Amino acid sequence: MTLVNLTPSDEFEFKPGQGDVLLLACGALAREIVDLIERNRWTAFDLQCLPAKWHNTPDKIVPAIREKIREAKGRYKSIFVLYGDCGTGGELDRLLAEEGIERIDGPHCYAFFSGNAEFERHADDDVTSFFLTDYLAKHFDKLIWAGLGLDRHPELLPLYFGNYTKIVFLAQTRDEDLAKKAMAAAARLGLAYEYRFTGYGEVLARLQNHAG
Amino acid sequence: MSDDGELDLNSLNDEELVQQVHDDLYDGLKEEVEAAVHILLGRGWAPYKVLTEALVEGMRIVGVDFRDGILFVPEVLLAANSMKAGMFILRPLLIATGAPRQGKMVIGTVKGDIHDIGKNLVGMMMEGAGFEVIDLGINNPVEKYLGAIEEHKPDILGMSALLTTTMPYMKVVIDTMKEKGMRDDYIVLVGGAPLNEEFAKAVGADAYCRDAAVAVETAKSFMARKHNQMASN
Ligand code: B12
């Protein structure tokens, strides 16, 4: 006999469109957020994501978030944004201050997954590191390799990555397949490889605060 | 037309060939750009004329379409790489023929940041506009900037940053220059996608430049002001 008998009907499945706290997030965090919601059986949250590929064109982020906030205001008790500054140069924070909406602290997801203070502490040693998260390891080919045009023009590789020494895989879950992908990505870029388990870092703590 | 159906650059007149260089730069065709540079030089064009009319003008068009969201980073990088190849041919000739000199610039990406595509492009366009450019590369602490200023005595200091976490370092450099009483001896230009004018003002730079073309225009107008001031003193 098992002590914990989780049959499928006991599992908690996140369904969009139900909670009264809206999480507005980068698509690169969607899987992690849903995982946290399901594991913790949080019912407070609804989730809307914007395309992760805007990572490379941060100009698109702030207008899209403004639009989402307009649509959502009045329909939710509160809104919480899961985005770093992400290269918006403070624009995102200006918008959120105007709207009176909070976001997770940090310049980008590498920092808040690692823990912002922890990331700072490593900063000097990590100057020539290129970070992968679970999401980026999984979608390396599409988002990074093809996203930077390296599929069409592999000769650009030294111009992009010539100054880098290693890939640091900031892992949110202990997933061997993803680690293999990250390792393969490092090999493809001609860089050394380091594995650092971060878990969900500050995403967990901040969602806990808002879960009610 | 040559045997393999490719365009024979030699068959084009000067005007067509320059137009073709613009197109080839746009398409990032490095070998074609190199070939055209050789042909124009062979036809007796001054190196400076090849540089400005073929390369710089071609890259200006690329810059406009990048700003307008028609071209993206990979295309810009390919174009820049083709221009670099063309400049490599021209550089020794420019020195030998004594092309006009606008001034001197030291440029580098700030400490903690190793993004350099934009900085390299600015350096190249400044060089194309007749500035002598000393490129300090990436991840520069304040000492590196000060050392280079000391050594090269430039007119302009340029700093680049692409990370929100590294932009504030520009203030460290400028404050150090102030402490040493040397801030006003130099024109300080800053750039990088997350910056803006307000930020440049806050850190005490002379100007923020949105792109390489603006950097060149801004540098030229500050140099003109500097010369006027010197003339009136
Ligand atoms: C290409 C790129 C990279 C390349 C860099 C290759 C290289 N050799 O530089 C790679 C993939 C390696 C990379 C790495 C990283 N990147 Co990056 N990168 C970009 C991207 C997509 C484009 C930058 C670029 O080259 N643009 C093209 C050039 C032509 O434009 P530009 O740099 O703006 O330069 C122009 C003007 O700004 C101006 N200018 C620039 N410098 C100067 C200087 C002077 C003096 C003047 C006058 C003008 C001027 O003129 C230039 C020419 O027109 C940006 C997003 C974006 N669209 O901005 C992210 C971005 C800047 N990167 C980002 C991040 C987080 C990183 C990494 C930490 C990611 C990681 N996974 O590890 C590392 C950084 C490591 C480090 N310590 O620096 C974030 C920054 C977020 C933030 N909060 O700050 C961005 C915004 C992406 C994002 N949304 O997450 N990156």
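Residues numbered from 1 in each chain as written. Chains lettered and ligands numbered in written order. Predicted model: local features only at pLDDT ≥ 70, side-chain atom pairs only at ≥ 80, totals over all residues. Heavy atoms only, no water.

1. Considering the overall build of chain A
And then number 1: The helix and strand inventory of chain A stands at 10 helices and 7 strands.
And then number 2: Relative to a compact globule of 212 residues, whose C-alpha radius of gyration would be 17 Å, chain A shows 18 Å and is just as compact.
And then number 3: When the backbone C-alpha atoms are referred to their principal axes, chain A occupies close to 55 × 50 × 35 Å.
And then number 4: Residues classed as buried in chain A amount to 51% of the 212 residues present.
And then number 5: Considering only contacts within chain A whose residues lie at least 6 apart along the sequence, 70% involve residues at least 24 apart.
And then number 6: For chain A, the accessible area works out to roughly 10,900 Å², and carbon and sulfur atoms hold 51% of it.
And then number 7: Across chain A, 25 positive and 32 negative side-chain charges occur, with their mean positions spaced 3 Å apart. (Helix = DSSP H or I, 4+ residues; strand = E, 2+ residues; numbered from the N terminus. Rg over C-alpha atoms; globule rule 2.2 N^0.38 Å. Buried < 20%, exposed > 50% of the residue type's maximum accessible area, 1.4 Å probe, protein only. Contact = heavy atoms within 4.5 Å. Areas by Shrake-Rupley, 256 points an atom, 1.4 Å probe, with all protein chains shown as cover. Lys, Arg positive; Asp, Glu negative; His and termini not counted. Charge placed at Lys NZ, Arg CZ, Asp CG, Glu CD.)

2. Observations regarding the overall build of chain B
And then number 1: Looking only at helices and strands, one finds 9 helices and 5 strands in chain B.
And then number 2: Written out in order from the N terminus, the α and β elements of chain B read α-α-α-α-β-α-β-α-β-α-β-α-β-α.
And then number 3: Expected size for 233 residues packed as a compact globule is a radius of gyration near 17 Å; at 19 Å, chain B falls within 12% of this value.
And then number 4: Considering only C-alpha atoms, chain B reaches an extent of 65 × 40 × 25 Å along its principal axes.
And then number 5: Out of the 233 residues belonging to chain B, those deemed buried represent 49%.
And then number 6: When contacts within chain B are restricted to residue pairs at least 6 apart in sequence, long-range pairs at least 24 apart make up 70% of them.
And then number 7: Approximately 11,100 Å² of chain B is accessible, and the part contributed by carbon and sulfur atoms is 53%.

3. Focus on the sheet that holds strand β1 (residues 21–26) of chain A
The pairing of strands in a sheet comes from backbone hydrogen bonds and takes either a parallel or an antiparallel form.
Residues and elements named next belong to chain A.
And then number 1: Judged by pairing direction, the sheet is parallel, and its 4 strands sit side by side in the order β2-β1-β3-β4 without closing on themselves. Edge positions in the sheet fall to β2 (45–50) and β4 (102–103), since each has one partner strand and no second.
And then number 2: Of the strand pairs in this sheet, β1 and β2 are connected by 6 bridges, and their pairing is parallel. Within β2, the position partnered with Ala-25 by the bridge is Cys-49.
And then number 3: Its contacts with the sheet put helix α1 (residues 30–40) on β1, β2 and β3 (78–82), and the angle it makes with β2 is roughly 170°. (Pairing = 2+ DSSP bridges. Axes fitted to C-alpha atoms, helices over the stretch in contact; angles between N-to-C directions.)

4. Description of the layout of surface pockets
And then number 1: For the second largest pocket, the calculated volume is near 460 Å³.
And then number 2: Along its surface, the second largest pocket is lined by 20 residues, and Lys-84, Asn-120, Leu-121, Met-124 and Asp-135 of chain B are the ones closest to its centre.
And then number 3: Mapped onto the lining of the second largest pocket, the elements with two or more residues apiece are α8 (157–161) of chain A together with α4 (73–97), α5 (117–128) and β2 (131–135) of chain B. (1 Å grid on protein atoms, 1.4 Å probe; cavity = no way out; pocket = protein on both sides within 12 Å on 5 of 7 lines; lining within 4 Å. Points joined across faces, edges and corners; volume = space filled by probe spheres on them.)

5. Focus: the state of the cysteines
Residues and elements named next belong to chain A.
And then number 1: One pass over the structure, following the stated rule, counts 0 disulfides over all chains.
And then number 2: Considering cysteine sulfurs only, Cys-86 is the nearest to Cys-26, which forms no disulfide, with 6.1 Å between them.
And then number 3: The class of Cys-26 is buried, set by a relative accessible area of 14%.
And then number 4: The thiol sulfur of Cys-49 is not disulfide-bonded, and the nearest other cysteine sulfur, from Cys-26, lies at 7.6 Å. (Disulfide = S-S within 2.5 Å.)

6. Concerning the interface of chain A and chain B
And then number 1: Residue-level contacts link 18 residues of chain A with 16 residues of chain B.
And then number 2: For the pair chain A and chain B, the two sides together bury roughly 1,600 Å², of which 63% comes from carbon and sulfur.
And then number 3: Of all residues in chain A, Val-127, Leu-159 and Asn-163 of chain A give up the largest surface area on contact with chain B, accounting jointly for 32% of the area buried on that side.
And then number 4: For the pair chain A and chain B, the number of links is 1 salt bridge.
And then number 5: Measuring nitrogen to oxygen at the nearest pair gives 3.7 Å for the salt bridge that ties Glu-75 of chain B to Arg-152 of chain A.
And then number 6: In this structure, the connection of chain A to chain B is made through 2 residue pairs in polar contact (both at pLDDT 80 or more).
And then number 7: Of the residues contributing to the side of chain A that touches chain B, the split by class is 7 nonpolar, 7 polar and 4 charged. (Buried area = accessible area lost by both parts, 1.4 Å probe. Salt bridge = Lys/Arg side-chain N within 4 Å of Asp/Glu carboxyl O. Polar contact = N/O pair within 3.5 Å; in protein donor to acceptor, adjacent residues only side chain to side chain. Nonpolar A, V, L, I, M, F, W, Y, C, P; charged D, E, K, R; others polar.)

7. Thoughts on the site of the ligand
And then number 1: Near the ligand, the surroundings consist of 43 residues, among which His-55 of chain A together with His-115, Asp-116, Ser-160 and Thr-164 of chain B are the closest.
And then number 2: Listing elements by their share of the shell around the ligand, those giving two or more residues are β5 (129–132) and α8 of chain A together with α5, β3 (156–160), β4 (187–191) and α9 (212–232) of chain B.
And then number 3: Tallying contributions element by element places α5 of chain B first for the shell around the ligand, with 4 residues.
And then number 4: When we break the shell around the ligand down by domain, the ones giving at least three residues each are domain 1 (8–109 + 200–210) and domain 2 (116–197) of chain A. (Near = heavy atom within 4 Å. Domains from an automatic or database assignment.)

8. Observations concerning the nonpolar core
And then number 1: Ile-65, Leu-82, Leu-132, Phe-161 and Leu-207 of chain A are the most contacted members of the largest nonpolar core, which totals 79 residues.
And then number 2: The residues that make up this core include at least three from each of domain 1 (8–109 + 200–210) and domain 2 (116–197) of chain A.
And then number 3: Grouped together as the second largest cluster of nonpolar side chains are 49 residues, Leu-9, Ile-89, Phe-131 and Met-223 of chain B included. (Core = buried A, V, L, I, M, F, W, Y, C linked by side-chain atoms within 4.5 Å.)

9. Notes on the packing of helix α2 (residues 30–42) of chain B against α4 of chain B
Residues and elements named next belong to chain B.
And then number 1: Taken N-terminus to C-terminus, the directions of α2 and α4 make an angle of 30°; their axes are 7 Å apart at the nearest point. Taken together, α2 and α4 sit at an angle that is classed as roughly parallel. In the crossing of α2 with α4, the sense of the turn from one axis to the other is right-handed. The residues of α4 that touch α2, namely those facing Lys-30, Val-33, Glu-34, Val-37, His-38 and Leu-41, are Asn-81, Ser-82, Ala-85, Gly-86, Ile-89, Leu-90 and Leu-93.
And then number 2: Looking at the contact of α2 with α4 residue by residue, the class counts come to 7 nonpolar, 4 polar and 2 charged. (Parallel < 35°, antiparallel > 145°, perpendicular 65-115°, else oblique. Left-handed = near helix turned anticlockwise from the far one by under 90°.)

10. Details of the sheet that holds strand β5 (residues 207–208) of chain B
All names here are of chain B.
And then number 1: Within the open sheet, the 5 strands sit side by side as β2-β1-β3-β4-β5. Their pairing is parallel. The outermost strands of the open sheet, each flanked by one partner alone, are β2 and β5.
And then number 2: Helix-sheet contacts for α5 involve β1 (103–109), β2 and β3, and the interaxial angle to β2 is about 155°.
And then number 3: Contacting β3 and β4, helix α7 (residues 169–179) crosses the sheet at an angle of about 155° to β3.

Purely geometric stuff here, so don't read any function into it on its own.
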